[in-house]
Amino acid sequence: MYLKLTLIQNVTEISCSILETRDSQKFEFSYKLELLGSMLDFIEKEPRDTLASPVRYKAILAIGHLSKLKPSLTLEENRELLDQCFKSLFPLPFLGEDDERRRRDSKECSAYTVTVHRVPGSPWQANEDFAGGRTNRKLVLKMFQLLETWLHSGKEWERERALQASIQLLTAYQETVHSTTQETFDRFGSLIGLIAPYSCDSLATSCQWMVDCISCLLCIQGQSINLGSAEEELRCLREALTAPDPKALFQASSKMAKVTDSKSLCGCASDQAPFI
């Protein structure tokens, strides 16, 4: 394991050093694909039912830095890379409050927290296409095709991580692409339909990630629809969706549905096709 971690650390440092140079976007790193393959091999060999070592999350973070280097990855290469990262991250067991063994082991708990809360969004937060503003709706929709499987998972922690990754994806798109191109989604209604049902998820954090996703989608689509008071309503409902009282939760969920339904119909009345 020590040799793996040393190699991963070296890859991270080399990538960061190249990115810090003035001519980084002109430099073609000929070992990029080879090193990405090595990082993916390390990830795939890690057990998927436990966080046995820091290899997994350090390798994924290294992939994030490598992805920003030239030559650029193709759409399918990006898709395959993220697919492998998701398969390694999302199935990790839920870290419950009653898990005394994990809580006693502060080092493992810290590594776990970094892995499941910081890492899921790192591939596109550091991705060269997003950072350079060269992505488009097609890439984002491809990413949601990957996430849809996890959003429909029967395991609540896998759904929660997929929703967390969804808001990180939408935020990255909004900040690096939409802010300059004002490009909106022609599948807006389908994206709303994919995410909105999680207002009734069993995990409060999933409900909150869902509201964040809807809010971000409305902001991105704001050029073509009148948001009105929708954003403020969503902010108020975000906390209400965590209410322990079933009646209060149902009322908040119903209000949430009315807000999203009115805006999705207004923004994309013709978008009736399934997401995939």
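Here is a short report on the structure shown in this document. (Residues numbered from 1 in each chain as written. Predicted model: local features only at pLDDT ≥ 70, side-chain atom pairs only at ≥ 80, totals over all residues. Heavy atoms only, no water.)

Right, let's talk about the overall build of the protein for a bit. The number of helices and strands found in the protein is 14 helices and 0 strands. Along the protein, from the amino end to the carboxyl end, the secondary structure elements read α-α-α-α-α-α-α-α-α-α-α-α-α-α. Burial analysis of the protein (276 residues in total) assigns 48% to the buried set. Here the contacts in the protein between residues at least 6 apart in sequence split such that 76% fall between residues at least 24 apart. Within the structure as shown, the protein displays about 13,400 Å² of accessible surface, and the carbon and sulfur contribution to it stands at 53%. (Helix = DSSP H or I, 4+ residues; strand = E, 2+ residues; numbered from the N terminus. Buried < 20%, exposed > 50% of the residue type's maximum accessible area, 1.4 Å probe, protein only. Contact = heavy atoms within 4.5 Å. Areas by Shrake-Rupley, 256 points an atom, 1.4 Å probe, with all protein chains shown as cover.)

Moving on, we come to helix α1 (residues 2-20). Residues that lie three or four places apart on an α-helix share one face, since the helix turns once every 3.6 residues. Given a rise of 1.5 Å per residue, 19 residues ought to cover 27 Å, and the 27 Å separating the end C-alpha atoms of α1 matches this to within 8%. For α1, the set of buried residues is L5, I8, V11, T12, S15 and I18. Down the axis of α1, the buried side of the element spans an arc of 160 degrees, and every buried residue falls inside it. Exposed side of α1, more than 90 degrees from the buried face: Y2, L3 and E20 are the residues found there. Where α1 is buried, its residues touch α2 (32-44) and α3 (55-66). (Expected span 1.5 Å × (residues − 1). Arc of directions from axis to C-beta.)

This next bit is on unusual backbone geometry. P71 follows K70 through a cis peptide bond whose omega is 0 degrees. Topologically, P71 is positioned in the loop between α3 and α4 (75-89).

This next bit is on the state of the cysteines. This model, assessed by the stated rule, comprises 0 disulfides. C200 takes part in no disulfide bond, and the closest cysteine sulfur, belonging to C207, lies 7.1 Å away. A relative accessible area of 53% means that C200 is categorised as exposed. (Disulfide = S-S within 2.5 Å.)

Packing of helix α11 (residues 188-195) against helix α12 (residues 204-220) leaves a shortest axis separation of 10 Å and a crossing angle of 170 degrees. Between α11 and α12, the crossing angle belongs to the class labelled roughly antiparallel. On α12, the residues that touch F188, L191, I192 and I195 of α11 are M210, C213, I214, L217 and L218. Across the contact of α11 with α12, the residue classes tally to 9 nonpolar, no polar and no charged. (Axes fitted to C-alpha atoms, helices over the stretch in contact; angles between N-to-C directions. Parallel < 35°, antiparallel > 145°, perpendicular 65-115°, else oblique. Nonpolar A, V, L, I, M, F, W, Y, C, P; charged D, E, K, R; others polar.)

Now for the packing of α1 against α2. Running from amino to carboxyl end, α1 crosses α2 at an angle of 140 degrees, the nearest separation of the two axes being 11 Å. With respect to each other, α1 and α2 are oriented oblique. When the axes of α1 and α2 are compared, the crossing they make is left-handed. Each of K4, L7, I8 and V11 in α1 lies in contact with α2, whose residues at this interface are L35, M39 and F42. Considered class by class, the residues forming the contact of α1 with α2 number 6 nonpolar, no polar and 1 charged. (Left-handed = near helix turned anticlockwise from the far one by under 90°.)

In this section: the pattern of salt bridges. Within the structure shown, the criterion is met by 3 salt bridges. A salt bridge links E76 to K142; the nearest nitrogen and oxygen atoms lie 3.8 Å apart. Highlighted residues: E76 in helix α4 and K142 in helix α9 (residues 137-151), separated in sequence by 66 residues. A relative accessible area of 21% places K142 in the partly exposed class. (Salt bridge = Lys/Arg side-chain N within 4 Å of Asp/Glu carboxyl O.)

The next subject is α3. With 12 residues, α3 should cover 16 Å at 1.5 Å per step; its first-to-last C-alpha distance of 16 Å lies within 8% of that length. The complete set of buried residues in α3 reads V55, R56, Y57, A59, I60, L61, A62, I63, G64 and L66.

To continue, consider the packing of aromatic side chains. All told, the structure shown has 5 aromatic pairs when counted by the stated rule. Ring centres 5.4 Å apart and planes at 85 degrees place the aromatic pair F90 and W150 in the edge-to-face group. Of this pair, F90 sits in the loop between α4 and α5 (100-104) while W150 sits in helix α9, and the two are 60 residues apart along the sequence. As far as the burial class goes, F90 and W150 line up, both buried. Site record: aromatic cluster; members linked through ring pairs are F27, F29 and Y31. (Phe/Tyr/Trp six-rings, centres within 6.5 Å; stacked < 30°, edge-to-face > 60°.)

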